[in-house]
Amino acid sequence: WHPTHPAVFASVDGEGHVDLWNLSQNVESPVVRCEPPESRRRLALNRCDWSLDGRRLAAGDSEGTVGVYAADRRVAEPRGEDFQLFADRCRSLQ
């Protein structure tokens, strides 16, 4: 989970994708999918973690290589209404 935005988390997969989810916007599909760079072999990603301030996401592959992604300001610095939107979404899923 993102350290400051209540509705955001990241996931990685075996095809080298990094997916960014925002449950306030969509609960079935990621809002952003990062493709692996064309210059690299497509390797399974098996770990991701946010920086403490939520501005960067690190993702590691099966050979030990780590890629670092910058988060958009809307993710890294959630607004007050983002908390209410997520609370409303959670209530609607109950």
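Remember, it's a predicted structure, so these values are computed and weren't measured experimentally.

### Let's talk about the side chain of serine 24
Here comes step 1: On the secondary structure map, serine 24 appears in the loop between strand 2 (18-22) and strand 3 (32-34).
Here comes step 2: Under the relative-accessibility criterion, serine 24 is labelled buried at 18%.
Here comes step 3: Those residues within four positions of serine 24 in sequence are excluded, and the remaining contacts are Ala7, Asp82, Leu85, Phe86 and Arg89.

### Considering the environment of arginine 79
Here comes step 1: The topology assignment puts arginine 79 in the loop between helix 1 (73-76) and helix 2 (80-93).
Here comes step 2: The partly exposed category is assigned to arginine 79, whose relative accessible area is 47%.
Here comes step 3: Between the alpha carbons of arginine 79 and histidine 5 there is a distance of 8.7 Å; along the sequence they are 74 residues apart.

### Looking at the nonpolar core
Here comes step 1: Judged by nonpolar contacts, Val8, Ala10, Val18, Leu20, Leu45, Trp50, Leu57, Ala59 and Val75 together constitute the single largest core of nine residues.
Here comes step 2: Those elements that provide at least two residues to this core are strand 1 (8-12), strand 2, strand 4 (45-50) and strand 5 (56-61).
Here comes step 3: When neighbours within four sequence positions are excluded, leucine 45 is seen to be in contact with Val12, Asp13, Gly14, Gly16, His17, Val18, Ala59, Gly60 and Asp61.
Here comes step 4: Among the nonpolar cores identified, the runner-up in size contains five residues, and Ala7, Phe9, Trp21 and Leu23 belong to it.

### Remarks on the sheet that holds strand 6 (residues 66-70)
Here comes step 1: Spatially, three strands are ordered 4-5-6 in an open sheet, and the strand pairing comes out antiparallel. In this open sheet, the two strands that pair with only one neighbour each are strand 4 and strand 6. The mean angle between the axes of side-by-side strands here comes to 20°, regardless of whether they run parallel or antiparallel.
Here comes step 2: Bridge count for strand 5 against strand 6 is five bridges, and the pairing is antiparallel. Directly across from alanine 59, in strand 6, lies its bridge partner glycine 67.

### Brief notes about the environment of tryptophan 50
Here comes step 1: One can find tryptophan 50 in strand 4.
Here comes step 2: As a C-alpha pair, tryptophan 50 and arginine 91 span 41 residues in sequence and 26 Å in three-dimensional space.
Here comes step 3: Setting aside anything within four residues of it in sequence, one finds tryptophan 50 in contact with Trp1, His2, Pro3, Val8, Ala10, Leu20, Arg56, Leu57, Ala71 and Val75.

### Some details on the packing of aromatic side chains
Here comes step 1: Applying the stated criterion across every chain, the model contains two aromatic pairs.
Here comes step 2: Seen from their ring centres, phenylalanine 9 and tryptophan 21 are 5.6 Å apart, and the 5° between their planes marks the pair as stacked. With a gap of 12 residues between them, phenylalanine 9 in strand 1 and tryptophan 21 in strand 2 connect regions that are remote in the sequence.
Here comes step 3: For tryptophan 21, a relative accessible area of 16% gives the class buried.
Here comes step 4: Site record: aromatic cluster; members linked through ring pairs are Trp1, Phe9 and Trp21.

Basis of the calculations
- Residues numbered from 1 in each chain as written.
- Predicted model: local features only at pLDDT ≥ 70, side-chain atom pairs only at ≥ 80, totals over all residues.
- Heavy atoms only, no water.
- Helix = DSSP H or I, 4+ residues; strand = E, 2+ residues; numbered from the N terminus.
- Buried < 20%, exposed > 50% of the residue type's maximum accessible area, 1.4 Å probe, protein only.
- Contact = heavy atoms within 4.5 Å.
- Core = buried A, V, L, I, M, F, W, Y, C linked by side-chain atoms within 4.5 Å.
- Pairing = 2+ DSSP bridges.
- Axes fitted to C-alpha atoms, helices over the stretch in contact; angles between N-to-C directions.
- Phe/Tyr/Trp six-rings, centres within 6.5 Å; stacked < 30°, edge-to-face > 60°.

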